[in-house]
Structure formats: C-alpha cells, structure tokens
Amino acid sequence: MSDQVTLTLPDGSELEVQRGATALEATERIGPGLARAAVAAKVNGELFDLSRPISEDAEFEVLTFDSEEGKHVYWHSASHVMADAVKQLYPEARPTIGPAIDDGFYYDFDVPEPFTEDDLRQIEQKMQEIIEAEEPFSCERISKSEAEELFEEQQNRYKLELIDEVEDDVVSIYEHGDFVDLCRGPHVPDTGRIKHVKLLSVAGAYWRGSEANRMLSRIYGTAYPRKQQLEDHLERIEEARRRDHRRIGRELDLFSFHEEAGAGLVYYHPRGAMLRHLITEFATNEHIRRGYQIVRTPHLVKSNMWETSGHAQQAYPMYYTDIEGQSYGIKPMNCPGHVLVYKSHTRSYRDLPIRYFELGTVYRHEKSGVLHGLLRVRGFTQDDAHIFCRMDQLTEEITGVIEFADDMLRAFGFDEYEVFLSTRPEKSIGADDVWEQATEALRGALKANDLTWEIDEGGGAFYGPKIDIKMKDALGRLWQGPTIQCDFNLPERFDMTYVGADGEEHRPAMVHRVVLAGIERFMGVFIEQCAGEFPMWIAPVQVKILPINDRNFEYAETVAHRLRCEDMRVEVDTESGTLGNKIRQAELEKLPYILVVGDNEEEAGEVAVRKRGEGDLGPTKLEAFIESVRPETAPDSRYCALPGDTS
RNA sequence: GCCCACGUAGCUCAGGGGUAGAGCGUGUCCUUGGUAAGGACAAGGUCACGGGUUCAAAUCCCGUCGUGGGCUCCA
C-alpha cells in the first residue's frame, strides 16, 4: 500500500499527500491563506475536523466561513464556546442542545433561574476569554456506556436522553479547555477561530419543542470572522427594525390596536383603511376576471354546522356564543357557507367548475402568546374562494390558482417566496386513499407549473393536503401566504353532489384557496417589503400639495380637484410653517409625489414636482405632470394579464 | 397557553420609597416662507389596571390586561 493518498480538489486538480496527513496539513499544501481561513473540510462528502487524518484517496474540499456548511461549523463551535462560558459562570446550568441556525446559533440550558438580557454581557465577556485562550477543539469517539458515565457524572439527563437515541454503539464528544460536549461535529481547530461574537437575546424554549416538557432558557447569538461582517449583521437587524410594519403602521398612521378593545383586533385609520380598500378592490377585480363569482355568507353559524364540517371535533380554536339556548359559533373559515350556497341548487356536471369568492372575515381563538402585529391576529379577512369541480378538472383548477397566486404576488413586488407541499397531519379526518389522491393532484399541478417545492411532512390541514406559499417578513421569518388545499372530506360530510353525464349523482372535488390570504397579514408583510414606500398605484395618498403661501391655498385646491378628476388620491397641506418644514413632514409620510405650488406656479399653471427618492424635479405644467404619472397609477399590467390577453 | 422582559404625555424615552421630566408632535400668537426642522408661549400624565407592604408606592411584592422576543400552533 502506497504511503501517499491522492486528493481530488473541487476544481478537478489532484494533490498527493502523506497517508495519515491531517485535513489541515492537506489544506496548507493548497495555500497558507486558505489554511488560515479554513474551518473544516469535506472528505468524500463527509464533514471532517481539520485535525482528522486522511487515510485514503478522496474528493477533498476545504470549508471556509464563506460557505453555508462552513458557517454552520463556525456557529456551532461558537455555541460550544457559549455553553462553556455559561457553565463557568453558572456551574448548575445543564446544557441541552445548541445548534447553528440560519444566521447564528443558540444554546438551550436548563437553569434554576432563566437568563436575562443583563446576563448576556457577562457571558459574552467570558466567551472572549475562552476565545483569547485559543483552546484547541479535540474530538474523541467513545462507547455509549462511557458517554453515559460521563454525562451521569455531569448530572445531565438531557445529554443522556440524546445518547440513548444514538443508534451507533459509539458517540463522539468534543472537548476544548475543560468543556466536554456530546456532539457530531465537526468544529473549528481552536476557540481562537471565533473572532467577533454578539449574544442577541434570551427566550424560553421547551425541551424538544414540546409543551409537555420543561421550559429551558435559550440564548441566541451570532459570530463572524471579521468585525465588519458582525457590524453588517447588526445593521441588518437595525434595518429590519426600521421596516417593522408595527413601527411603520404607527408612523404612517395606518392602524392601531387597543388594550381596552382586545388583543389581536385591528383598528384601521383612514390611510390604512384606504390601503386595505385598494388591495381588496384590486384582488376582487382580479378574481372576477378569472371567472370567480362573488358570494357573501354570515359571520355567525349554528354550532351544528361546525360539527358537520369537523371543526368542532378538531377542537378548532373558535369562539362560541349562545342565542336562545342554541349554540352558535363565529366562523373561523368560510367553507361551510360556500357549501350551503352550492347545495342550494341541483348541480350539473356542465356547471362545474364553480368558483365562489368572498372577502370573508373570520375569527380564530389564537393563543395570546402568538399574536404579532398584523401578521398574527384574531380577526382577519381572507380573499377566500372555494372551487367545486369534477375530478378531471382538478389539476387544471389547481394549476390556475398557482398562476393566479404568482401573478398577484409579483404585482405587489414579491419576487421571492417558498413553496411547500404539506402532507397529512396526525390530527386529521378521511381515508388514506383519498389523501393520496389529493396529494397527487397537488403534486401534478406543481409539476405543471414547473415549480420547485419542499415537502412539509404532516403540515396539511385536518381535511386535506395543501400547497403553501410562504412570504418573508423583514426579519426573514416565513409567514403563510397563498395556500391551496384539496378537500374530499367536506363534500362527503355535507353530502354534496352533481349530476353527471350519465344521469347519476357524483361527488364534486373541492379546493380551498386564498391568494393574498389574510389581508391583515398580507398588508403587514407588504408594508415591510416596501418599507412603507407604497408604489404609486396602491399608495393611500398619492400626491400631497404644499402651498408656499396662504395666497396659494385656492390654487392648491384647484390642482387637487383637477387630480381628483383623474381618480388620484390627493391631500392639500394647509398647515402654517416654513416650506422646509412642510416638505420634511410630507417626506416622512413617504408619499410618492409632493407638489409645491407658490406664486410662480400659480401664474404659470404649473406645479413644482418632488418625487419620492429623487427629490426636487422642478416645475412643470399641471397637465404634463398628470400625463407623466398616469402609467404609474395602474397596477403592473405584466402581472394582471390573463392568458391570451394581448391588450 | 408557557418562559423571560417591558408598560411613565399622542410618539421616542429619562427618572425612581417623600405626590413627575426631556425631545418630537399638538394648540395659540408672531413669522408668509422656494425644496428635509423659523421663533415665543401654552396645554397635555390616577406613571396600564386591581390588590398588598409602608407613616408614605409611579418606584417594592402579588394578580390582571396589554406589548415585545421565543416555544408551540396557524392565514
């Protein structure tokens, strides 16, 4: 056997190294700079510590912080350093799990007293000491029984539980300084590789995410090799704070919540209500153009209906009330109402598909802890529709909805979203083969639309599988947006039928779908998406007119009237004060256009245009201004065109 | 719902066992202004709500409501 092994690098070139050389030694052969930046290596696809020897020919890849995997190794190592610091400061703390996440890491501890934000600085400081000591990480593979002994000594039942679940007879442990942790690895060579650390927040988290388990204390943090990267990260957090829809909602006077009126219930102010009106008006029109029919159903429904639908049995979080001894429930969904409309006639196969649309306001008893601005509320309105169709129409109908959802999201400037196919959850109703059939129909439509998706195992609704499209908020958190749900259960439960060409009764398929989904949530994400700078076509106030002098008030009103005749949304500022201050206030409102009118403009029939983001554009004839902005006042026609629409 | 933190003027926040402060905003007056803050004066607070400790509570303790970050769940 040769004492050399051949490593194949990602660029295809080959490197001969001594058999048994470590990954770090191999990396040094490639370049000393790379060796300094390396955090771990990948050997034949397996993650390697840099200190681990290479014993055979292999594909060899060096991981640095610049790769996803490298970041994870780096952050995971940082979480070990944090756990070490915590144990030094709080010997009674029991580390549980501490993974890397998308932009940093966390570690959950079982501690007698939960951590507070004030503890973080001290832990950070201790981490700095550990980092400065440049303690090497070492890996050891030991038998499960040895590991059990080790963690029994440490009285850490969490680690024991984890060891118990490992299928191998051997587990790996990582050690740096006096800190030992059960860990799959790999890790950076030494603690000195972790350069700039910031602990960000503390939070409660259940052991293994289950309410039944003990609440642990979680610390979130992040770390970067270069100071600038950490500063950029903190700047992103700051930017997210600036874009937060709750903050913008207050600053732009869009909506409010009221302690005395109840949590999770939105009060729209004039501008917020206008924005909502514009969004729903647009959505309604787009539905009509796509062959949907508007229906409208009551908010209050006898509880029996929720038993028939299955909501009651699922302990769906509803509100109930009693009317003359009869129990009623406030609707948490619009579907049963649409079913009743369907059932009001005998339906023929020629009638299908039937697409019922409703801006349906629903109420759900969300747990208080999950409420979050407009993104998670208790009362909200959906652009809800139910499609009743024949089985042979199902895939085409779903395909149409996916196209519709894509068009609508793009019209509002959402170019990126994530698609999930959610399968049967534990708490669910219906036969297995029906679930399978429905899941296949959804999968087929995703393929037809050439989309890539992830499987969300067990994420379906209780009555059927679904396609979920999730949108990101300013903090990168995903929120349920458009969703398309197949349902063969409600038609069964409500005994829905249509008469087929054969003269026999058949069961229609049913598709639940929302496009904007919760209008409140959609507004919230949209506000964050555009940072409160609404595009001209949807801006609640499009133009603000600032008269320079009291003398110009009348002219300002004339201009406003002319713009209103063009269906533009206009305000006139009649406050006193300097022009500079009026402009500042108007700029803070993030309006698309500000028109300044003084004596010069009045005499010439002009307006001095100030455009958001561009500043002063100088005076122009009023009619010329109207012509120039007209194209902006309509939604982007690229996304509103129907198939075959050439206008 | 659970864990932690927070709740002081419309907003952002300081203060803190001896009965309240700033800036911005608001009102009035002066100023009539040319592209991101003109000036003066004034109003505005049961310090979230309820209980307790104390001679004395906005401040300490408990509970409730609300908010925030998470967990869990969902549009």
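Residues numbered from 1 in each chain as written. Chains lettered and ligands numbered in written order. Predicted model: local features only at pLDDT ≥ 70, side-chain atom pairs only at ≥ 80, totals over all residues. Heavy atoms only, no water.

(A) Inspection of the domain arrangement of chain A at higher detail. By domain assignment, chain A separates into domain 1 (4–64), domain 2 (71–241), domain 3 (255–299 + 332–529) and domain 4 (543–633). One C-alpha centre belongs to domain 1, the other to domain 3, and the line joining them spans 51 Å. (Domains from an automatic or database assignment.)

(B) Main features of the sheet that holds strand 2 (residues 14–18). Within the open sheet, the five strands sit side by side as 2-1-5-3-4. Their pairing is mixed. The two strands at the open ends of the sheet, each matched to only one other strand, are strand 2 and strand 4 (46–48). Within the sheet, the average angular offset between the axes of one strand and its neighbour, ignoring direction, is 40°. By the bridge criterion, three bridges tie strand 3 (residues 38–43) to strand 4 in an arrangement that is antiparallel. Paired with Ala 41 across the strands is Phe 48, a residue of strand 4. Most of the contacts of helix 3 (residues 68–89) go to strand 3, to which it runs at about 125°, and overall it touches strand 3, strand 4 and strand 5 (58–64). (Pairing = 2+ DSSP bridges. Helix = DSSP H or I, 4+ residues; strand = E, 2+ residues; numbered from the N terminus. Axes fitted to C-alpha atoms, helices over the stretch in contact; angles between N-to-C directions. Contact = heavy atoms within 4.5 Å.)

(C) Up close: the protein's contact with RNA strand B. Around RNA strand B lies a shell of 59 residues, among which Gly 209, Arg 376, Gln 480, Ile 548 and Glu 601 are the nearest. Near the protein, within 4 Å, the atoms of RNA strand B are sugar or phosphate in 50% of cases. Separating a sugar or linking oxygen of RNA strand B from a side-chain N or O atom of Tyr 220 is a distance of 3.2 Å. Contact distances for RNA strand B include 3.4 Å between a sugar or linking oxygen and a side-chain N or O atom of Asn 581. Partitioned by chemical class, the residues of the surface near RNA strand B number 19 nonpolar, 20 polar and 20 charged. (Near = heavy atom within 4 Å. Polar contact = N/O pair within 3.5 Å; in protein donor to acceptor, adjacent residues only side chain to side chain. Nonpolar A, V, L, I, M, F, W, Y, C, P; charged D, E, K, R; others polar.)

(D) Layout of the pattern of salt bridges. What the rule picks out here adds up to 42 salt bridges. Between Asp 108 and Arg 218 there is a salt bridge, and its shortest N-O distance comes to 2.6 Å. With a gap of 110 residues between them, Asp 108 in strand 8 (residues 104–110) and Arg 218 in strand 13 (residues 215–224) connect regions that are remote in the sequence. The buried category is assigned to Asp 108, whose relative accessible area is 2%. Between Arg 290 and Glu 286 there is a salt bridge; the shortest N-O distance is 2.7 Å. The pair Arg 290 / Glu 286 is uniform in exposure class, with both members buried. Because the salt bridges share partners, they merge into one network encompassing Arg 562, Glu 566, Glu 623, Glu 627 and Arg 630. (Salt bridge = Lys/Arg side-chain N within 4 Å of Asp/Glu carboxyl O. Buried < 20%, exposed > 50% of the residue type's maximum accessible area, 1.4 Å probe, protein only.)

(E) Region of interest: the nonpolar core. Within the largest apolar cluster, 63 residues are counted, with the highest numbers of intra-cluster contacts made by Leu 394, Ile 398, Phe 412, Ile 467, Phe 522, Phe 534 and Ile 538. Top contributing element to this core by residue count: helix 12 (residues 394–411), with nine residues. Dropping the residues within four chain positions of it, Leu 394 is found in contact with Cys 389, Ala 441, Cys 486, Phe 488, Ala 509 and Val 511. (Core = buried A, V, L, I, M, F, W, Y, C linked by side-chain atoms within 4.5 Å.)

(F) Expanded view of the packing of helix 9 (residues 270–289) against helix 12. At their nearest, the axes of helix 9 and helix 12 sit 12 Å apart, and the two run at 150° to each other. On the basis of their axis angle, the class for helix 9 and helix 12 is roughly antiparallel. Considering only the axes of helix 9 and helix 12, their crossing is right-handed. Contacts between helix 9 and helix 12 involve Phe 282, Ala 283, Glu 286 and His 287 from the former and Phe 404, Met 408 and Ala 411 from the latter. Among the residues making up the contact of helix 9 with helix 12, the classes are represented as five nonpolar, one polar and one charged. (Parallel < 35°, antiparallel > 145°, perpendicular 65-115°, else oblique. Left-handed = near helix turned anticlockwise from the far one by under 90°.)

(G) Region of interest: the sheet that holds strand 17 (residues 300–302). Read from one edge of the open sheet, three strands run 17-19-18, paired in antiparallel fashion. Only two strands of the sheet have a single neighbouring strand rather than two, namely strand 17 and strand 18 (319–323). Here the average twist between neighbouring strands, direction ignored, is 40°. Relative to strand 19 (residues 326–330), strand 18 runs antiparallel, the two sharing five bridges. The partner of Thr 321 across the bridge, within strand 19, is Tyr 328.

(H) Spatial organisation of the state of the cysteines. For the structure on display, the rule yields zero disulfides. Note on Cys 183: no disulfide assigned, nearest cysteine sulfur contributed by Cys 139 at a separation of 8.2 Å. Judged by its relative accessible area of 6%, Cys 183 falls in the buried class. Cys 486 provides the cysteine sulfur closest to Cys 389, a residue in no disulfide bond, and the two sulfurs are 8.2 Å apart. Judged by its relative accessible area of 0%, Cys 389 is buried. (Disulfide = S-S within 2.5 Å.)

(I) Quick look at the pairing of strand 5. Burial analysis of strand 5 places five of its seven residues in the buried class, the great majority of the element. Strand direction decides the pairing type here: strand 1 (residues 4–8) and strand 5, joined by two bridges, are parallel. In the strand pairing of strand 5, Thr 8 is matched with Glu 59. Summarising the sheet, strand 3 and strand 5 pair through five bridges and their orientation is antiparallel. Paired with Ala 41 across the two strands is Val 62, which belongs to strand 5.

(J) Main features of unusual backbone geometry. With an omega of 0°, the peptide bond between Leu 352 and Pro 353 qualifies as cis. With respect to the helices, strands and loops of the structure, Pro 353 is situated in the loop between helix 11 (335–343) and strand 20 (354–363). In this structure, Arg 208 is a non-glycine residue whose phi angle is positive, near 60°. Relative to the elements of secondary structure, Arg 208 occurs in the loop between strand 12 (196–206) and strand 13.

(K) Spatial organisation of the packing of aromatic side chains. Inspection of the entire model under this criterion finds 23 aromatic pairs. Relative to Phe 526, the ring of Phe 522 lies with its centre 6.2 Å away and its plane at 15°, an arrangement referred to as stacked. Here Phe 526 and Phe 522 lie together in helix 15 (residues 519–529), a separation of four residues that amounts to about one turn. Across the pair, exposure class does not vary: Phe 522 and Phe 526 are buried alike. (Phe/Tyr/Trp six-rings, centres within 6.5 Å; stacked < 30°, edge-to-face > 60°.)

(L) Up close: the side chain of Thr 280. With respect to the helices, strands and loops of the structure, Thr 280 is situated in helix 9. Among the residues examined, Thr 280 registers a relative accessible area of 9% and is labelled buried.

(M) Expanded view of the packing of helix 5 (residues 144–153) against helix 6 (residues 157–165). Direction vectors running N to C along helix 5 and helix 6 enclose 170°, while the axes themselves pass 9 Å from each other. As the angle between them shows, helix 5 and helix 6 are arranged roughly antiparallel. Within the contact between the two elements, helix 5 uses Lys 144, Ala 147, Glu 148, Phe 151 and Glu 152 and helix 6 uses Lys 159, Leu 160, Ile 163 and Asp 164. Looking at the contact of helix 5 with helix 6 residue by residue, the classes come out as four nonpolar, no polar and five charged.

(N) Summary view of the environment of Val 419. Structurally, Val 419 is set in strand 22 (residues 418–422). Distance in space between the C-alpha atoms of Val 419 and Asp 468 is 5.7 Å, their sequence separation being 49 residues. If we ignore the near neighbours within four places in the chain, the residues touching Val 419 are Leu 446, Thr 452, Trp 453, Glu 454, Ile 467, Asp 468 and Ile 469.

(O) Focus on the pairing of strand 1. Two strands pair when backbone bridges link them, and strand 1 and strand 2 are joined in this way by five bridges, in the antiparallel orientation. In the sheet register, Leu 7 faces strand 2, and the bridge partner there is Leu 15. Between strand 1 and strand 2, which pair antiparallel in sequence order, lie five residues; one of them, Gly 12, sits at a positive phi of approximately 95°.

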